[in-house]
Amino acid sequence: MAFNGAGLTSDGPELKAGNRRSLAFFLPDFTVGGAERMTLNLVRALQDAGFRSTLVVTRAGGALRDAVADDVEIVVLNRPGTLAAFWSLVRFLRARRPDVLISAHGHNNIVALWARAVARVPTKVIVQQHNVMSAQARAGDGWRFTILPWLYRLFVGWADAVVSVSAGAADDMAKTTGLARDRIRVIPNPVIGSNIDALIAEPVTHPFFAPGGLPVFLTAGRFVEVKGLDIAVEAFARVHALRPSRLLMVGDGPLRPVIEARVRELGLGDAVAFPGFVANPVSLMSHAAALVLPSRHEGFGAVIVEALAAGCPVISTDCPFGPAEILDNGRFGMLTPVDDAAAMADAMLLTLDAPREPARLRARADEYTAAYVASRYSDLFDTL
């Protein structure tokens, strides 16, 4: 159906304020990313709890579009970028006046605060910080990310609530922006949805997992510098020289050709596969020898929780800031120094010889269910 605003389109049931508060979630699009996936999990859990939600996206498109439930409305602002969507978001807020607007990306957060101020509506705004802000500013793509901490210093105080997904990321945000630390609430990502058992049980067709095959290590993440996938390849080369095994590198990104070239240089072509985007990596995790996360920094590390839920051992760098929190400083998985391929290889070999008990890993993942996180947000709504 058409939305009452120039250039805006909507499908799905219209957001209405009933007995429970009406919610709107502001995202760039449905591109595969941690914040986007976590938002969809949270929306689903809040819908199940009786809230009515709409997803407001700057532009259409993205592989996660098909993952949105039919009972969730989608409003497309039809603009090329976040700043260009400002006036469209103002019109949406004036027309719909949701009780709460939740934004999940740095630049979206700023535009959401500006739009609420100009719209002059009583909508409460919650901004989420999924990344390590200081690292994002150093490694971000151009000036837009460099100035983000400065924009936060000027405008994040306008938010009714600020949420970070880990204590470490919250500490970094306070230090980087000057925002008082006690203004930042820590609510973990809603990684585990009610469909987790179905995801785990989904059949796996990749030939690496054929019966009687070699143990398979798994990476899952974008091929970008911060994810450290070059270190995973170097570590696997050491492991493969001692123990026949395979490496499945799920995901895509600008550095994929570089990683593929390095795999060929090391003579690992037959032992490493690049399946690209996989809609359900959890099913792969349930069959993998271990998830390998070689990140140089993380705001949270949702893929770790997914692996734990699948009973899959985890080997992660002890990077800022999420992995050590999730793995409880090594109780539920192995932690290695950042950029240390030798240490990661040693951990991979040790995991082959002495894997963690799957039931214990699954119990840890229960602390990150979408239902639990939704209850935390519901409590937050009450305080606003």
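Residues numbered from 1 in each chain as written. Predicted model: local features only at pLDDT ≥ 70, side-chain atom pairs only at ≥ 80, totals over all residues. Heavy atoms only, no water.

> Break down the overall build of the protein for me, citing the residues and quoting the values.
Helix and strand content of the protein: 16 helices and 14 strands. Its C-alpha atoms give the protein a radius of gyration of 21 Å, near enough to 21 Å, the size a compact globule of 384 residues would have. Judged by the C-alpha coordinates and their principal axes, the protein covers about 65 × 40 × 35 Å. Accessible area for the protein stands at about 15800 Å²; split by element, carbon and sulfur atoms hold 53% of it. The positive charge centre, built from 38 side chains, and the negative charge centre, built from 38, are 7 Å apart in the protein. (Helix = DSSP H or I, 4+ residues; strand = E, 2+ residues; numbered from the N terminus. Rg over C-alpha atoms; globule rule 2.2 N^0.38 Å. Areas by Shrake-Rupley, 256 points an atom, 1.4 Å probe, with all protein chains shown as cover. Lys, Arg positive; Asp, Glu negative; His and termini not counted. Charge placed at Lys NZ, Arg CZ, Asp CG, Glu CD.)

> A description of the packing of aromatic side chains should follow, citing residues and the corresponding values.
Per the counting criterion, the structure on display carries seven aromatic pairs. Ring centres 4.9 Å apart and planes at 70 degrees place the aromatic pair Phe-86 and Trp-87 in the edge-to-face group. Within the aromatic cluster, the residues linked to one another by ring pairs are Phe-51, Tyr-377 and Phe-381. (Phe/Tyr/Trp six-rings, centres within 6.5 Å; stacked < 30°, edge-to-face > 60°.)

> Please give an account of the sheet that holds strand β13 (residues 314–317) that cites residues and values.
Backbone-to-backbone hydrogen bonds pair the strands of a sheet. The strands run either parallel or antiparallel. Spatially, six strands are ordered β11-β10-β9-β12-β13-β14 in an open sheet, and the strand pairing comes out parallel. Among the strands making up the open sheet, the edge pair consists of β11 (272–276) and β14 (334–336). On average, each strand axis in the sheet is inclined to that of its neighbour by 25 degrees, with strand direction left out of account. Relative to β13, strand β12 (residues 290–293) runs parallel, the two being bridged by three bridges. Note that in β13 the partner of Leu-291 across the bridge is Val-314. Helix α10 (residues 256–265) rests against β10 (246–250) and β11 of the sheet, and its axis sits at about 160 degrees to β11. (Pairing = 2+ DSSP bridges. Axes fitted to C-alpha atoms, helices over the stretch in contact; angles between N-to-C directions. Contact = heavy atoms within 4.5 Å.)

> Go over the nonpolar core, please, and point to the residues and values.
Core analysis: the biggest nonpolar cluster contains 35 residues, and Leu-218, Leu-248, Phe-300, Ile-304, Val-305 and Leu-308 have the highest contact counts within it. Listing elements by their share of this core, those giving two or more residues are β9 (216–220), β10, α11 (281–285), β12, α12 (302–309) and α15 (358–365). With residues near it in sequence (within four places) discarded, Leu-218 still touches Leu-247, Leu-248, Val-250, Pro-281, Leu-284, Met-285, Ala-288, Ala-290, Leu-291 and Val-292. Counting 34 residues, the second largest nonpolar core, distinct from the first, contains Phe-92, Leu-93, Val-111 and Val-162. (Core = buried A, V, L, I, M, F, W, Y, C linked by side-chain atoms within 4.5 Å. Buried < 20%, exposed > 50% of the residue type's maximum accessible area, 1.4 Å probe, protein only.)

> Explain the side chain of Glu-306 to me, and be specific about the residues and the numbers.
With respect to the element layout, Glu-306 can be found in helix α12. Dropping the residues within four chain positions of it, Glu-306 is found in contact with Arg-37, Val-191, Ile-192, Val-282 and Met-285.

> Now, about helix α1 (residues 34–48): what can you tell me, with residues and values included?
If you check α1, its first and last C-alpha atoms are 21 Å apart, about what 15 residues at 1.5 Å a residue would give, namely 21 Å. By the burial criterion, the buried members of α1 are Ala-35, Glu-36, Met-38, Thr-39, Leu-40, Leu-42, Val-43, Ala-45, Leu-46 and Gln-47. Buried positions along α1 lie against β2 (22–27), β3 (52–57), β6 (124–129), α12 and α16 (370–383). Where α1 ends, the next residue or the one after it, Gly-50, has phi of about 105 degrees, a positive value. (Expected span 1.5 Å × (residues − 1).)

> Report on the packing of helix α2 (residues 86–96) against helix α3 (residues 106–119), specifying residues and quantitative values.
Angle between the axes and distance between the axes: these two values describe a pair of packed helices. For the pair α2 and α3, the least separation of the axes is 9 Å and the interaxial angle reads 55 degrees. Comparing their axes, α3 and α2 come out oblique. Relative to α3, the crossing made by α2 is right-handed. Here Phe-86, Trp-87, Leu-89, Val-90, Leu-93 and Arg-94 of α2 come into contact with α3, specifically with Val-111, Ala-112, Trp-114, Ala-115, Arg-116, Val-118 and Ala-119. Grouping the constituent residues of the contact of α2 with α3 by class yields 11 nonpolar, no polar and two charged. (Parallel < 35°, antiparallel > 145°, perpendicular 65-115°, else oblique. Left-handed = near helix turned anticlockwise from the far one by under 90°. Nonpolar A, V, L, I, M, F, W, Y, C, P; charged D, E, K, R; others polar.)

> Got a sec to walk through helix α6 (residues 148–155)? Specific residues and values, please.
Inspection of α6 places Leu-148, Pro-149, Leu-151, Tyr-152 and Phe-155 among the buried residues, and these make up the whole buried set. The buried residues of α6 occupy an angular sector of 160 degrees when the element is viewed end-on, so they sit on one face. Looking at α6, the residues exposed on the side facing more than 90 degrees away from the buried face are Trp-150 and Arg-153. (Arc of directions from axis to C-beta.)

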